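Close look at the chain arrangement
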Amino acid sequence: MYQLKFKANTERLLDKHLTGESIDYRQIISLFIPILIDQAFIISLNMVNAAMISSAGVAAISAVNMVDSLNIFLVSVFIAMSTGGTVVVAQYKGSGNDLMVSKAASSTISACAILALALSLILVLFHQPLLSVLFGAASPEVMDNAKVYLLGGGVSFVGIAITEAVCGALRGIGKSRASLMLSLFMNLTYVVLNLVFINLLHMGVLGMTIAINIARYLAAACALYFLVKRDTDLHFQLRSIIQVNLKMLRKIFSIGIPFAAEQMFFNGGKMLTQIFIVGLGTYAIATNAISGSLAGVSQIPANALSLTLVTVVGQCIGRRNVEDARKFTKTFLWLASFSFVLTGVIMMALFHPLVSLFHPPKEIVGDIFTVLLINLIAQVPLWAISFIMPSALRAAGDSKFTSMVSMLSMWLFRVILGYVLGIVLHWGIVGVWLAMNCEWGVRGTVFLLRFLGKKWYQHRLID
């Protein structure tokens, strides 16, 4: 009797907060769970990879962390295009136009692959001046490792671009399970190959670059095979990739380009703070790398909610149902904040076992704890409005506004305040992270005010 009553109360609660005219709670849960598993595997496996490379020494993990800031800066461009594709696909799916769904998916893959190829060539041709300008203060051993990792990562861009584009299109039509399988394949392959090349063959950073290329290009091949041979909804054909649809590309670019600019400025700011940290020494770089990996674990459920909301709000706006879009956004904000309470308690309870995975020098364990504790507390009220809210606005077509706000807040608050607190006031790595948390609050407040108005949903993205 008690179980039946609990089930009935749960269903009433889900109906109240996660069911609308556009979509019901069962569809949202079926969309969210695969994305949650995907995010959990991505973050956890990245942490395992960082732990594996840390066995090669502080110089290796410092080099990987430094270059990852640059890689993320460049990769964010075609991931932004993938997000633009997800929004357009979701809105056409919501409107019931299957033909345009297929065209949007093809155009997304084309745009991402071309951009990735261009960025890969730029990175390979100009890797030396980039490393010198950005990380010239690093030790020679760190720089040698950084060069190998930068070149290897750049060559892999096209592989991950195609995979991300396919996953974005699949999420747009609600097929998050297929997207999950592709992502799991890529990341599990990466971890297994890292185990072979780093731990068994002791190839260090070079082994990591070989692993990342094999994993990403295998995943891209599997993604295209799935669309051509297995998928029945997108009606994808390989030749459609080279058939340029300028009208569709404009729609994708209208979301993707502002988001790409935002991500480039956003990650550019993170790179600049990374330069501050490089100047603080190798131990500071390692503290930042390990703290970032652990913080990423705490953000797994909230990141999954953010990705899910793009599809949910996109389909609501495609049906012209603004009330549903508002309702689901509010619910997701509360769910994200609640998730941080749970993950924060778990992370603090398991701090020492988790940090031991990275084999850190004893001198930095206290700094890692301080940085992580401050970040876990700040995430509860600030992360959701800073990251969940723009996902909803962007899914409604309000990409230019969200991008402009993110770029300004990043440079005016995180970069400048990070320099003042971390370098001028000598607060070190703690000051840099405090500045980041402050920037979340500023940016999130602006997004919240935008959401309370009407302009965010008045864009006409699809016909």
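Notes on the structure in this doc start here. As the structure is a prediction and not an experimental result, all values here were calculated from the model. (Residues numbered from 1 in each chain as written. Predicted model: local features only at pLDDT ≥ 70, side-chain atom pairs only at ≥ 80, totals over all residues. Heavy atoms only, no water.)

**A closer look at the nonpolar core**
The nonpolar side chains of a soluble globular protein tend to be buried, and buried together. Judged by nonpolar contacts, the single largest core of 65 residues is most densely connected at Leu294, Phe328 and Ile388. Of all the secondary structure elements, the ones that give two or more residues to this core are helix H2 (25-54), helix H10 (246-279), helix H11 (282-298), helix H12 (300-318), helix H13 (322-349), helix H14 (351-356), helix H15 (362-395) and helix H17 (428-452). Looking at which domains feed residues into this core, each of domain 1 (25-244) and domain 2 (262-462) supplies at least three. Listed in part, the 56 residues of the second largest apolar core include Leu74, Val158, Ala161 and Ala260. (Core = buried A, V, L, I, M, F, W, Y, C linked by side-chain atoms within 4.5 Å. Buried < 20%, exposed > 50% of the residue type's maximum accessible area, 1.4 Å probe, protein only. Helix = DSSP H or I, 4+ residues; strand = E, 2+ residues; numbered from the N terminus. Domains from an automatic or database assignment.)

**A closer look at the layout of surface pockets**
Considered as a void within the structure, the largest pocket measures approximately 330 Å³ in volume. In terms of lining, the largest pocket is formed by 15 residues, of which the most central are Phe32, Leu305, Leu335, Phe338 and Ser339. Only helix H1 (2-18), H2, H12 and H13 provide two or more residues apiece to the lining of the largest pocket. Sorting elements by how many residues they give to the lining of the largest pocket places H13 first, with six residues. For the lining of the largest pocket, a count of residues per class yields 13 nonpolar, two polar and no charged. For the lining of the largest pocket, the domains that each give at least three residues are domain 1 (25-244) and domain 2 (262-462). (1 Å grid on protein atoms, 1.4 Å probe; cavity = no way out; pocket = protein on both sides within 12 Å on 5 of 7 lines; lining within 4 Å. Points joined across faces, edges and corners; volume = space filled by probe spheres on them. Nonpolar A, V, L, I, M, F, W, Y, C, P; charged D, E, K, R; others polar.)

**Examining the environment of arginine 177**
The topology assignment puts arginine 177 in helix H8 (residues 176-200). A residue is classified by how much of its surface remains accessible, and arginine 177, at 61% relative accessible area, is exposed. A sequence separation of 145 residues divides arginine 177 from phenylalanine 32, and the C-alpha atoms of the two residues are 9.3 Å apart.

**Notes on unusual backbone geometry**
A positive phi is found at arginine 320, a non-glycine position, where the angle reads about 60°. You can see arginine 320 is positioned in the loop between H12 and H13. Backbone geometry at histidine 426 places phi at a positive 60°, although glycine is not the residue there.

**Thoughts on the packing of aromatic side chains**
Scanning the model with the defined rule gives six aromatic pairs in all. Ring geometry for phenylalanine 340 versus tryptophan 383: centroids 5.4 Å apart, planes at 65°, classification edge-to-face. Within this pair, whereas phenylalanine 340 is found in helix H13, its partner tryptophan 383 is found in helix H15, the two being separated by 43 residues in sequence. Comparing phenylalanine 340 with tryptophan 383 shows no difference in burial state: the two are buried. With centroids separated by 6.1 Å and ring planes inclined at 85°, the aromatic side chains of phenylalanine 387 and tryptophan 440 adopt a geometry described as edge-to-face. Taken as a pair, phenylalanine 387 in helix H15 and tryptophan 440 in helix H17 lie far apart in primary sequence, 53 residues in all. The rings of Phe340, Trp383, Phe387 and Trp440 are connected pair by pair, giving a single aromatic cluster. Against the face of phenylalanine 451 rests arginine 326, its NZ or CZ located 5.4 Å from the ring centre. Note that arginine 443 overlies the ring of phenylalanine 387, its terminal NZ or CZ placed 4.7 Å from the centroid. (Phe/Tyr/Trp six-rings, centres within 6.5 Å; stacked < 30°, edge-to-face > 60°. Lys NZ or Arg CZ within 6 Å of the ring centre and 35° of its normal.)

**Quick word on a nonpolar patch on the surface**
Taken together, the side chains of Met404, Leu408, Leu412, Phe413, Ile416, Tyr419, Val420, Val424, Leu425 and Trp427 make up a nonpolar region of the molecular surface, amounting to roughly 920 Å² of accessible area. Along the chain, the position of valine 424 falls in helix H16 (residues 399-424). (Patch = residues over 30% accessible without salt bridge, like charges linked within 9 Å, V, L, I, M, F, W, Y side chains within 5 Å. Areas by Shrake-Rupley, 256 points an atom, 1.4 Å probe, with all protein chains shown as cover. Salt bridge = Lys/Arg side-chain N within 4 Å of Asp/Glu carboxyl O.)

**A closer look at the side chain of arginine 450**
Its location among the elements puts arginine 450 in helix H17. Assessed through its relative accessible area of 18%, arginine 450 is described here as buried. Look past the residues within four positions of arginine 450 in its chain and what remains in contact with it is Leu393, Asp398, Phe401, Lys455, Trp456 and His459. (Contact = heavy atoms within 4.5 Å.)

**Side note on H8**
Look at H8: 34 Å from first C-alpha to last across 25 residues, which is about the 36 Å you get at 1.5 Å a residue. Where H8 terminates, the next one or two residues include histidine 202, which has phi positive at roughly 55°. (Expected span 1.5 Å × (residues − 1).)

**Some details on the pattern of salt bridges**
All chains considered together, the criterion is met by three salt bridges. Note that arginine 450 and aspartate 398 form a salt bridge whose closest N and O atoms lie 2.9 Å from each other. Here arginine 450, found in helix H17, pairs with aspartate 398, found in the loop between H15 and H16; they are 52 residues apart in sequence, far enough to count as distant. By the burial criterion, arginine 450 is buried, and aspartate 398 matches it. Across the salt bridge formed by glutamate 439 and arginine 443, the nearest N and O atoms sit 2.8 Å from each other. With glutamate 439 and arginine 443 both in helix H17 and four residues apart, this pair spans about one turn of that helix. By relative accessible area, glutamate 439 is classed as buried at 0%. By relative accessible area, arginine 443 is classed as buried at 2%. A single salt-bridge network, built from bridges that share partners, covers Arg414, Glu439 and Arg443.

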